[in-house]
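Coordinate analysis (summary)
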Amino acid sequence: MTKTALILGGNGRFARHSAQALRAAGWTTRGFDRSTDDLMQAAKGADLIVAGWNPPYHLWQAQVLPLHRRVIGAAKASGATVLLPGNVYNFGETTPAPWGPDAPQAARNPLGRIRIEMEQAYRDSGVQTIILRMGDFIDTEASGNWFDMFIAKTAQKGAIRYPGREDIPHAWAYLPDAARAAAALADRRADLPIYSDIPFAGYTLTGRALAAALSRALGRDVACKQMAWWWLKPMRFVMPILKGVLEMRYLWNTPHWLDAGPMARALPDFQPTPAEEALRAALGVRAPEARLAEGAAQAV
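Being a predicted model, the structure only gives us computed values, none of them experimental. (Residues numbered from 1 in each chain as written. Predicted model: local features only at pLDDT ≥ 70, side-chain atom pairs only at ≥ 80, totals over all residues. Heavy atoms only, no water.)

Let's talk about the sheet that holds strand β1 (residues 4-8)
Short version of the rule: Pairing between two strands requires that DSSP report at least two bridges joining them. Secondary structure elements follow DSSP: runs of H or I of four or more residues count as helices, runs of E of two or more count as strands, with numbering from the N terminus. Orientation is described by lines fitted to C-alpha atoms, with helices fitted over the stretch in contact, and by angles between N-to-C directions that extend from 0 to 180 degrees. In what follows, a contact means two residues having at least one pair of non-hydrogen atoms within 4.5 Å.
The sheet built from six strands is open, its strands ordered β2-β1-β3-β4-β5-β9 with parallel pairing. For this open sheet the edge positions go to β2 (28-30) and β9 (195-199), each flanked by a neighbour on one side alone. Ignoring strand direction, the axes of neighbouring strands in this sheet form an average angle of 20°. Pairing geometry for β1 and β2, over three bridges, is parallel. In the sheet register, Thr-4 faces β2, and the bridge partner there is Thr-28. In this fold helix α4 (residues 110-125) packs onto β3 (48-51), β4 (81-86), β5 (129-133) and β9, with an angle of close to 160° to the strand it touches most, β4.

Digging into the nonpolar core
Quick note on the threshold: Nonpolar core, defined: a set of buried Ala, Val, Leu, Ile, Met, Phe, Trp, Tyr and Cys residues in which side-chain atoms within 4.5 Å join the residues together. A simple rule labels every residue: compare its accessible area, found with a 1.4 Å probe on the protein chains alone, to the largest value its type can have, and call it buried under 20%, exposed over 50%, or partly exposed in between.
Of all hydrophobic cores here, the largest spans 73 residues; its most connected members are Ile-49, Phe-147 and Leu-210. Element by element, the count of residues in this core is highest for helix α3 (residues 60-78), at eight residues. Contact partners of Ile-49, with chain neighbours within four places excluded, come to Leu-6, Leu-8, Ala-43, Val-71, Ala-74, Ala-75, Ala-80, Thr-81, Val-82 and Leu-83. Counting 32 residues, the second-largest nonpolar core is a separate cluster that includes Ala-5, Ala-15, Trp-27 and Ile-198.

Observations regarding the pattern of salt bridges
Any two side chains of opposite charge can pair, so long as their charged atoms come close to each other. Selection criterion: When a carboxyl oxygen of Asp or Glu lies within 4 Å of a side-chain nitrogen of Lys or Arg, that pair is called a salt bridge.
For the coordinates displayed, the defined rule picks out 10 salt bridges. Residue Glu-119 pairs with Arg-115 through a salt bridge whose shortest N-O separation is 3.6 Å. Of the two residues, Glu-119 and Arg-115 both sit in helix α4, four residues apart, roughly one turn of that helix. The two residues Glu-119 and Arg-115 agree in class, both being buried. Across the pair Glu-119 and Arg-133 runs a salt bridge whose closest N-O atoms are separated by 2.7 Å. Here Glu-119, found in helix α4, pairs with Arg-133, found in strand β5; they are 14 residues apart in sequence, far enough to count as distant. In this structure, Glu-119 and Arg-133 share a single accessibility class: buried. Where salt bridges share partners, they join Arg-115, Glu-119, Arg-133 and Asp-197 into one cluster.

Some remarks on helix α1 (residues 13-24)
Applied cut-off: Working rule for helices: expected span equals 1.5 Å times residues minus one.
The end-to-end C-alpha separation of α1 is 17 Å, in line with the 16 Å expected for 12 residues at 1.5 Å each. Among the residues making up α1, those that are buried are Phe-14, Ala-15, Arg-16, His-17, Ser-18, Ala-19, Ala-21 and Leu-22. Where α1 is buried, its residues meet β1, β2, β3, β4, β5 and α6 (175-187).

Some words on the pairing of β1
Condition: By convention a crossover is right-handed if, when the strands point away from the viewer, the path from the first strand over the helix to the second runs clockwise.
β1 sits mainly inside the fold: five of its five residues count as buried. Because side chains alternate across β1, one face comprises the buried residues Thr-4, Leu-6 and Leu-8, and the other comprises Ala-5 and Ile-7, equally buried. Handedness of the β-α-β unit built from β1, α1 and β2 comes out right-handed. In terms of strand pairing, β1 meets β3 through four bridges, oriented parallel. Bridge assignment links Leu-6 to a residue of β3, and that residue is Ile-49.

What follows is the structure, given as structure tokens:
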């Protein structure tokens, strides 16, 4: 049976990996060009819509809800399930961990409130929706995320610049794993409720634990040092997106992790990639033992 997925925001991080994982799982994928394509037409015959559109922070107020209302309309017309990448913005500073479908969505900041309203639109729509809720991304290529832009640039030189307290847990999602989970959930959509809020637990690491995992991944000591925030504040006047970055700074000082239970029940056989392997992939390096073996082979 042919399974067809319409990928929105296919050049984005989650959508790009999801398209790859869906194809590996036997799906046919369609791209979408917002400048030329018609969404209603593109969604015809689709079984799944991957809603990967994500405007820059400074455009959220104007664009997020209208974009997702269009997705809801297309899904209603086509009968497609919507796969929506979720984040942890909904919970705010006061919600105790673990964060999951039963945790209060208590965000009061603008970006968090927009996410709450957007997800509520799906909940109210009657469209089957699968939200895969993730922490900060770890990608296999530089894609403008916190890990590659701010933390890991200097890891191979022996230190990371960490943007928050080093001693509190923080949620991370390795995108190839999250995409595999997304594809598996899409295959099981007939067994899921009309609205599924499924956290992707990924890795829960303090700053110190992240540095230790990087040390093991690289085979050398990696220190955890504080990132300076002061230079971002004046830059927000010339880079409007930084206002949102500063707004979400609290996540680096708020202990949080994601509830692993819902995904374990939905995908009991899912096997995540070991953290050190994911970190090596993100940094584009081989395992220390592989480098040693290659060096020994060359010496013979």
